[in-house]
Amino acid sequence: MARTPAPGTRETILTAAAGLFYEHGVRGVSMAQVVEAAGCGKNLLYKHFPSKAELAAAYLSLVRHERERSVTEALHWSTDPVDRLLALTGEVADMVRQPGYRGCAFRNYLTEFPDEDDEPARVAQAYLADSRAQWDRLVTGIGGSALLADRIWLVVNGLYTGPAGQAGVAVEWITELVRAETGNSISATR
């Protein structure tokens, strides 16, 4: 008779894989490394995640959930449209300053697998499209133009991929762009 997996086994495997994928990249991690890190058998891993692509998609879905929670928390206390835009900018700046930050998981995956059209790529592309739409809505909420949204998105992309020491500069640039567009005398607080 087959054994019933312990409760939380799937989450244990996913957590182990997430740490490895983020640190070494999806391409750089073997399923054997996931088995070792999760402390499970190969059969158990494949029972929960029949392929590496399914495991990578679950990892990116987990990261998406974590990002959405963090963004929701950052925007929770802000009602003013300008404050919401700057709160989101500050949230990203704070994230990239964290020890161990190794870039955006979604951008990293798409960089590793630029020509893939698999489930993980679709998860990554959907997150980035939804993220861009959120930034666009925030810019529209302050009466900003499509050009302002493009400029802010360009700075945000740089923020995700640039050196952590430049995060403050990105916040200042976005603050200046918003100030120039809206005429508000706002200040960068992060």
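These figures come from a predicted structure and were not determined experimentally.

S.K.: Which residues make up the side chain of arginine 107, and what are the values?
M.R.: Here arginine 107 lies in helix 6 (residues 105–112). Glutamate 91 provides the closest opposite charge to the buried, unpaired arginine 107, separated from it by 10 Å. Once residues lying within four places of it in the same chain are set aside, the contact partners of arginine 107 are Leu128, Trp153, Asn157, Tyr160 and Thr161.

S.K.: For the packing of helix 5 (residues 81–96) against helix 8 (residues 146–161), give the residues involved together with the corresponding values.
M.R.: Taken N-terminus to C-terminus, the directions of helix 5 and helix 8 make an angle of 20°; their axes are 9 Å apart at the nearest point. Our classification of the angle between helix 5 and helix 8 gives roughly parallel. Considering the relative orientation of helix 5 and helix 8, their crossing is left-handed. On the side of helix 5, the interface is formed by Leu85, Thr89, Val92, Ala93, Met95 and Val96, while helix 8 contributes Ile152, Leu159 and Tyr160. Tallied by class, the residues present in the contact of helix 5 with helix 8 amount to eight nonpolar, one polar and no charged.

S.K.: Account for the packing of helix 6 against helix 7 (residues 119–141), with residues named and values stated.
M.R.: Running from amino to carboxyl end, helix 6 crosses helix 7 at an angle of 135°, the nearest separation of the two axes being 9 Å. As judged from the angle between their axes, helix 6 and helix 7 are oblique. Relative to helix 7, helix 6 is oriented so that their crossing is left-handed. Across the interface between the two elements, Phe106, Arg107, Tyr109 and Leu110 of helix 6 pack against Pro120, Ala121, Ala124, Gln125, Tyr127 and Leu128 of helix 7. Within the contact of helix 6 with helix 7, the residues separate by chemical class into eight nonpolar, one polar and one charged.

S.K.: Describe the environment of arginine 97, listing the residues and the values that go with them.
M.R.: Assignment of secondary structure puts arginine 97 in the loop between helix 5 and helix 6. Along the primary structure arginine 97 and alanine 164 are separated by 67 residues, whereas in three dimensions their C-alpha atoms are 5.0 Å apart. A polar contact of 3.2 Å, which involves the side chain of arginine 97, links it to the side chain of aspartate 94.

S.K.: Can you lay out the packing of aromatic side chains for me, pointing to particular residues and giving the numbers?
M.R.: Applying the stated rule across the entire model yields three aromatic pairs. Here the aromatic rings of phenylalanine 106 and tyrosine 127 are separated by 4.0 Å at their centres, their planes lie at 20°, and the arrangement is stacked. Of this pair, phenylalanine 106 sits in helix 6 while tyrosine 127 sits in helix 7; the two residues are 21 residues apart in sequence, bridging distant segments of the chain. For the pair formed by phenylalanine 106 and tyrosine 127, the shared burial category is buried.

S.K.: Residues and numbers for helix 7, please.
M.R.: Residue pairs three or four apart in sequence face the same way in an α-helix, which turns once every 3.6 residues. Between the first and last C-alpha of helix 7 there are 33 Å, a value that for 23 residues agrees with the 33 Å anticipated at 1.5 Å per step. Listed as buried for helix 7 are Pro120, Ala121, Val123, Ala124, Tyr127, Leu128, Ser131, Trp135, Leu138 and Val139. Looking at the packing, one finds that the buried side of helix 7 touches helix 4 (52–76), helix 5, helix 6 and helix 8. The backbone nitrogen of alanine 121 has a side-chain oxygen 3.0 Å away, supplied by the residue at the start of helix 7, namely aspartate 118.

S.K.: Before we move on, can you summarise the pattern of salt bridges with the specific residues and values?
M.R.: On inspection of all chains with the given rule, the structure shows eight salt bridges. One salt bridge connects arginine 64 with aspartate 130, and the closest N-O pair in it is separated by 2.4 Å. Taken as a pair, arginine 64 in helix 4 and aspartate 130 in helix 7 lie far apart in primary sequence, 66 residues in all. Among the ionic pairs, aspartate 150 bridges to arginine 132, the shortest N-O distance being 2.5 Å. Taken as a pair, aspartate 150 in helix 8 and arginine 132 in helix 7 lie far apart in primary sequence, 18 residues in all.

S.K.: I'd like a rundown of the side chain of aspartate 118, residues and numbers included.
M.R.: Mapping aspartate 118 onto the fold places it in the loop between helix 6 and helix 7. For the buried aspartate 118, no salt bridge exists, and the shortest N-O distance to an oppositely charged side chain is 6.1 Å, to arginine 122. A distance of 2.8 Å separates a polar atom in the side chain of aspartate 118 from a polar atom in the side chain of tyrosine 109. Look past the residues within four positions of aspartate 118 in its chain and what remains in contact with it is Ala53 and Tyr109.

Parameters at a glance
- Residues numbered from 1 in each chain as written.
- Predicted model: local features only at pLDDT ≥ 70, side-chain atom pairs only at ≥ 80, totals over all residues.
- Heavy atoms only, no water.
- Helix = DSSP H or I, 4+ residues; strand = E, 2+ residues; numbered from the N terminus.
- Buried < 20%, exposed > 50% of the residue type's maximum accessible area, 1.4 Å probe, protein only.
- Lys, Arg positive; Asp, Glu negative; His and termini not counted.
- Salt bridge = Lys/Arg side-chain N within 4 Å of Asp/Glu carboxyl O.
- Contact = heavy atoms within 4.5 Å.
- Axes fitted to C-alpha atoms, helices over the stretch in contact; angles between N-to-C directions.
- Parallel < 35°, antiparallel > 145°, perpendicular 65-115°, else oblique.
- Left-handed = near helix turned anticlockwise from the far one by under 90°.
- Nonpolar A, V, L, I, M, F, W, Y, C, P; charged D, E, K, R; others polar.
- Polar contact = N/O pair within 3.5 Å; in protein donor to acceptor, adjacent residues only side chain to side chain.
- Phe/Tyr/Trp six-rings, centres within 6.5 Å; stacked < 30°, edge-to-face > 60°.
- Expected span 1.5 Å × (residues − 1).

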